[in-house]
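Letter by letter, the chains look like this.
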Amino acid sequence: MTEKNLTMLTDFYEFTMANGYLEKGIGDRTAYFDMFFRRVPDDGGYAVMAGTQQLLEYFANLHFTAEDIEYLRARDCFSDAFLAYLKDFKFACDVWAVPEGTPIFPGEPIVTVAGPMIQAQFVETMVLLTVNHQTLIATKASRIARAAQGRTVLEFGSRRAQGYDSAVYGARAAYIGGCHGTACVMADRDFSIPAGGTMAHAWVQMFDSEFEAFKAYAEIYPDNCIFLVDTYNVLKSGVPNAIRVANEVLAPMGIRPRGIRLDSGDIAYLSIKAREMLDAAGYPDMQIMASNSLDEYLVRDLLVQGAKVDSFGIGERLITSKSEPVFGGVYKLAAVEGADGNLIPKIKVSENVEKITTPHFKKVWRLFDKETGKALGDVLCVYDEVLDESRPYTLFDPIHTWKKKTVTNYTAKPLLVQLFNKGQQVYESPDIEQIRAYCAQQMETLWTQITRFENPQTYYVDLSAKLWEVKNHLLEHCGAL
């Protein structure tokens, strides 16, 4: 895919602060920022990380053009020294991120950027934009795929997406989250996500009859016949005409029709009746696809009602995550380096407990039960802490500290991987198929209590005793700052 220079896709205050840091002589001071989120969309139990590949592309291509510098000069609020800094800009940060496809949970760092304060602050908008959008869509896709109980789910949302980048990157994220393909051709071209499609209602309307429309399509695309049967009347004309074309056009070629699609009406009832008609005509292998403003709840309800649907096309409610269209990731300062090189943890305090940040440069460990392979919980530690797997570990709620659980016979794995070291890329993203397979495998590590739709069990995201003490100390003394 053609790389874009997205350096100027930022909030203006990132330029004003960067200029100010330089003017005050602290622009090169090393700072540590974390991206994290506070709650899961749709009151779900987990989210799915996506967008790491696009972060790699963004950081690797950071530079300011002559036109960028002249635009900033014309604003007449930036020093010549700052503009000269931007002209010679070279990305020099360390970056860590959670691999795409990993289940993630509130409160834990999913991206960490460490480097000169000017740079680490400047990238905030693109880090949030990139990860928030794709993680939102990957999470929604995962929920829908689970509701479909193994049936094929296709992303059909391009025409409802909020902009063309949202259509393409949304299709990518949906594929990671569990969709089997997309209607978006550009997503296929650029990311090798299987694209497909057959006909719209306009095709049927263009011919003198529904039968002629189906017949013409079968003659041109005999191996890809999925007939859209609801243009006029599903049971009185649509399904009978599909069967007639199967008998009169495809059967003489020795080809079996692939199926029909329902895009309106009572999908549960129509699919049951259509299944009866197709089976009676000798086509039990013809599949039934359903579309029409579906989401995970409607998919689940259709299956509960006995709908005979083999696959789902999901559009607007997936590509926009209509039920909750914002993933609330934030980007906060966690630490700075002092003159002596020692880390100074930083905290943001709020009367809203969920908005109090966790200070320090951190490492995140995920604990897995050795017998079941299931995830037991995540632990946030100070960066230099190591978990000793040979000893029991006590998880405790950092707010309700009396809530404790001691785990044994576990494996501890670091969650974050390093993407850049002093501005040099040190990580290569897996291909999209590997990411999708990894996501499916990682979802199997979650207990069903975490993945259920209503009132999911809260996954443990706890602090180590050392990190909790650092946070508690800052909270107790923040009034004196």
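Before reading further, recall that the structure is shown in the block above.
Please read these numbers as outputs of a predicted model, since none were measured by experiment. (Residues numbered from 1 in each chain as written. Predicted model: local features only at pLDDT ≥ 70, side-chain atom pairs only at ≥ 80, totals over all residues. Heavy atoms only, no water.)

## Structural notes on the pairing of strand S12 (residues 329-337)
- With seven bridges connecting them, strand S1 (residues 30-37) and S12 associate as antiparallel partners. Bridged to aspartate 34 within S12 is lysine 332.
- Looking at chain direction, S12 and strand S13 (residues 343-345) are connected through three bridges and run antiparallel. Pairing of valine 336 across the sheet is with isoleucine 344, part of S13.
- Joining the antiparallel neighbours S12 and S13 is a turn of five residues, in which glycine 341 adopts a positive phi near 90°. (Pairing = 2+ DSSP bridges. Helix = DSSP H or I, 4+ residues; strand = E, 2+ residues; numbered from the N terminus.)

## Topic: the environment of threonine 358
- Within the element layout of this structure, threonine 358 appears in the loop between S13 and strand S14 (362-369).
- Overall, threonine 358 belongs to the buried group, its relative accessible area being 15%.
- In the structure, threonine 358 is positioned 65 residues away from glycine 423 in sequence and 25 Å away in space, judged by C-alpha atoms.
- In contact with threonine 358, not counting residues within four places along its chain, are Asp34, Ala334, Leu463, Leu467 and Lys471.
- One polar contact links threonine 358 to lysine 471, side chain to side chain, over a distance of 3.3 Å. (Buried < 20%, exposed > 50% of the residue type's maximum accessible area, 1.4 Å probe, protein only. Contact = heavy atoms within 4.5 Å. Polar contact = N/O pair within 3.5 Å; in protein donor to acceptor, adjacent residues only side chain to side chain.)

## Topic: the environment of glutamate 476
- Counting through the fold element by element, glutamate 476 comes out in helix H17 (residues 465-477).
- Of the residues examined, glutamate 476 reaches a relative accessible area of 57% and is grouped as exposed.

## Quick look at the pattern of salt bridges
- Following the criterion strictly, the structure yields 25 salt bridges and no others.
- For aspartate 34, the salt bridge is made with lysine 362, and the minimal N-O distance between the two is 2.5 Å. A residue pair is termed long-range when its members are at least 10 positions apart, and aspartate 34 in strand S1 and lysine 362 in strand S14 qualify at 328 residues.
- Assessed through its relative accessible area of 4%, aspartate 34 is described here as buried.
- Between arginine 172 and glutamate 100 there is a salt bridge, with its nearest N and O atoms 2.7 Å apart. Note that arginine 172 is positioned in helix H7 (residues 164-177) and glutamate 100 in the loop between strand S3 (94-97) and strand S4 (103-104), a separation of 72 residues in sequence. An identical accessibility class is assigned to arginine 172 and glutamate 100; each is buried.
- Salt bridges linked by common partners bring Asp42, Lys140, Arg143 and Glu296 together as one network. (Salt bridge = Lys/Arg side-chain N within 4 Å of Asp/Glu carboxyl O.)

## Thoughts on the sheet that holds strand S18 (residues 410-414)
- Overall, mixed pairing links the four strands, which are arranged S18-S14-S15-S21 in an open sheet. If you trace the sheet from one side to the other, it starts and ends with S18 and strand S21 (461-463), each paired once. Within this sheet the neighbouring strands show an average axis-to-axis angle of 30°, counted without direction.
- Across five bridges, the pairing between S14 and S18 is antiparallel. Of the residues in S18, the one forming a bridge with tryptophan 365 is proline 414. (Axes fitted to C-alpha atoms, helices over the stretch in contact; angles between N-to-C directions.)

Shape is all these values report; function is a separate question.
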